[in-house]
Amino acid sequence: MTTRSILHVRLHRVPFAVYGETFRLLGDITPVVQALPPDSALLDVTGALGYFRRTPEGLADLIATRLLARFGLLAAIGGGDSPLLAGLAADTCTPGQTRILEPDTDETRRFLRSRPVEALPGIGPKLGRALARYGITTTGELADLPLPTLQRIAGTSTARLLHDRANGRDPRTVAPSGPPASITATRRFPTDVLDPHQVRRTLLDLATDLGARLRSQHKTCRAVELQITYADRSSTTRTRTLREPTNHSPRLADTLYAAFTPLGLQRARIRAVTARVAHLAPAATGHTQLTFDPQTEDRRTLEPVIDKANHRWGTGTLQPATLAVPRSSRR
């Protein structure tokens, strides 16, 4: 039986748009590529090793070199004979590093047993704390724990899954899938802007636009990206992951404000602002957390009314009062 060879590629500070473009490059290596948003991909390179006549280390080096040359991206790459080992190996790499775990070796077994239990997929902070109360802090200690004892702590189905993973058993395959869709909005200023308040007004404009487009497509998002382009055409990008999916414009605006404020750009000359929403999902599958804030709930109630009015009489018919001023040009 041919031993599988899996690579876990984690990209360093990759914008949504570039993340999508990297899949063309990865697809040139192997057609079996699975997106792991927001910044990673899983590759089954078992067949590609013979085609490129390279070892897993050599193929990882080829991928890292191409990503750096084409996109200027550093990648942390882990490898193993399963998605589990590849992911754990990538977790120990800094950007630009590669670590390949050889199957069925003492070194790989020692590596697996030394990992903290929280490194295993399926163990979140709550379960990690529960295991720690029983003195279980490493994967090796978890692997040695009798299954009936683990079942009492984590439940029957979860315990079996974690017991297998702690012992290095992972039958999962790489399921080919592309990067998730995203929606982008950009505002370019006629002249470079120095006023942070004008930028914040633009962020509100972007959030209003993106929220309306999400609702018109019956979608929600789980991630928001802000990109600031300066007068010298350099840019800064910040990404925020939301606690729950949303298509609520004020929530998007608050997220963009939270990404923009820490940048401290009081003296920067800003030429354009771009916002993207990603990790889209059908709105019907999401849920909305009640806030018990009358103002927030009133805004949510009004949004469908505003959307209908703007659809019937044109964009901007109803909008926040802050935006009732001449807006920057749109792309």
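The structure displayed is predicted, hence computed values, not measured ones.

The rules behind these values
Residues numbered from 1 in each chain as written. Predicted model: local features only at pLDDT ≥ 70, side-chain atom pairs only at ≥ 80, totals over all residues. Heavy atoms only, no water. Pairing = 2+ DSSP bridges. Helix = DSSP H or I, 4+ residues; strand = E, 2+ residues; numbered from the N terminus. Axes fitted to C-alpha atoms, helices over the stretch in contact; angles between N-to-C directions. Contact = heavy atoms within 4.5 Å. Buried < 20%, exposed > 50% of the residue type's maximum accessible area, 1.4 Å probe, protein only. Expected span 1.5 Å × (residues − 1). Parallel < 35°, antiparallel > 145°, perpendicular 65-115°, else oblique. Nonpolar A, V, L, I, M, F, W, Y, C, P; charged D, E, K, R; others polar. Core = buried A, V, L, I, M, F, W, Y, C linked by side-chain atoms within 4.5 Å. Phe/Tyr/Trp six-rings, centres within 6.5 Å; stacked < 30°, edge-to-face > 60°. Lys NZ or Arg CZ within 6 Å of the ring centre and 35° of its normal.

A separate point is the sheet that holds strand β3 (residues 40-44). Spatial strand order, β2-β3-β1-β4-β5: five strands in an open sheet with mixed pairing. Each edge of the open sheet carries a strand with a single partner, namely β2 (33-36) and β5 (98-100). Each strand of the sheet is rotated relative to its neighbour by a mean of 15 degrees, with strand direction disregarded. Bridge count for strand β4 (residues 75-80) against β5 is three bridges, and the pairing is parallel. For Gly 78, the partnering residue across the bridge sits in β5 and is Arg 99. Across the sheet, helix α1 (residues 16-27) is in contact with β1 (6-11), β2 and β3; its angle to β2 comes to roughly 160 degrees.

Turning to its location among the elements, Leu 210 is positioned in helix α10 (residues 196-216). For Leu 210, a relative accessible area of 2% puts it in the buried group. Put simply, Leu 210 and Val 277 are 67 residues apart on the chain and 7.5 Å apart in space, counted from C-alpha to C-alpha. Filtering out sequence-adjacent residues up to four positions away, Leu 210 remains in contact with Ile 183, Thr 184, Ala 185, Leu 252, Ala 275, Arg 276 and Val 277.

Moving on, we come to helix α3 (residues 56-71). The first and last C-alpha atoms of α3 sit 22 Å apart over 16 residues, in line with the 22 Å expected at 1.5 Å per residue. For α3, every residue scored as buried is listed here: Gly 58, Leu 59, Ala 60, Leu 62, Ile 63, Leu 67 and Phe 71. The inward-facing, buried residues of α3 contact β1, α1, β3, α2 (46-52), β4 and β5. Phi turns positive one or two residues past the end of α3, at Gly 72, with a value near 70 degrees.

The phi dihedral of Arg 53 is positive, around 55 degrees, even though this residue is not glycine. Here Arg 53 lies in the loop between α2 and α3. The phi dihedral of His 218 falls on the positive side, at around 55 degrees, and the residue is not glycine. Inspection of the secondary structure puts His 218 in the loop between α10 and β7 (219-230).

The description of two helices packed together rests on the angle between their axes and the distance between the axes. At their nearest, the axes of helix α4 (residues 83-91) and helix α5 (residues 106-114) sit 11 Å apart, and the two run at 70 degrees to each other. Considering the angle they form, α4 stands roughly perpendicular to α5. Between α4 and α5, the contacting residues are Leu 85, Leu 88 and Ala 89 on the first element and Thr 108, Phe 111 and Leu 112 on the second. Of the residues belonging to the contact of α4 with α5, the class tally is five nonpolar, one polar and no charged.

Turning next to the nonpolar core. In this structure, Leu 203, Ile 228, Phe 260, Ile 270 and Val 273 are the most contacted members of the largest nonpolar core, which totals 30 residues. Leave out the neighbours within four places in its chain, and Val 273 touches Ala 185, Thr 186, Arg 187, Phe 189, Val 199, Thr 202, Leu 203, Leu 206, Leu 226, Gln 227 and Ile 228. One finds Val 14, Ala 41, Leu 67 and Ala 75 within the second-largest nonpolar core, a separate group that totals 26 residues.

Here we come to the environment of Ser 5. With respect to the secondary-structure elements, Ser 5 resides in the segment before β1. Among the residues examined, Ser 5 registers a relative accessible area of 7% and is labelled buried. Distance from Ser 5 to Val 45, taken between C-alpha atoms, is 5.6 Å for residues 40 residues apart in sequence. Filtering out sequence-adjacent residues up to four positions away, Ser 5 remains in contact with Leu 43, Asp 44, Val 45, Thr 46, Leu 49, Pro 56 and Gly 80.

What follows covers the packing of aromatic side chains. Any pair of aromatic rings gets described here by the distance separating the centres and the angle formed by the planes. For the structure on display, the rule yields two aromatic pairs. When the centroid spacing of 5.1 Å and the interplanar angle of 90 degrees are considered together, the rings of Tyr 19 and Phe 23 count as edge-to-face. Taken as a pair, Tyr 19 and Phe 23 lie in helix α1 at a separation of four residues, close to a single helical turn. For the pair Tyr 19 and Phe 23, one class covers both residues: buried. When the ring of Tyr 51 is compared with that of Phe 52, the centres are 5.1 Å apart and the planes differ by 80 degrees; the resulting orientation is edge-to-face. Overall, Tyr 51 belongs to the exposed group, its relative accessible area being 68%. Of note, Arg 200 hangs over the ring of Tyr 257, and the distance from its end group to the ring centre comes to 4.0 Å.

On their own, these measurements won't tell you what the molecule is for.
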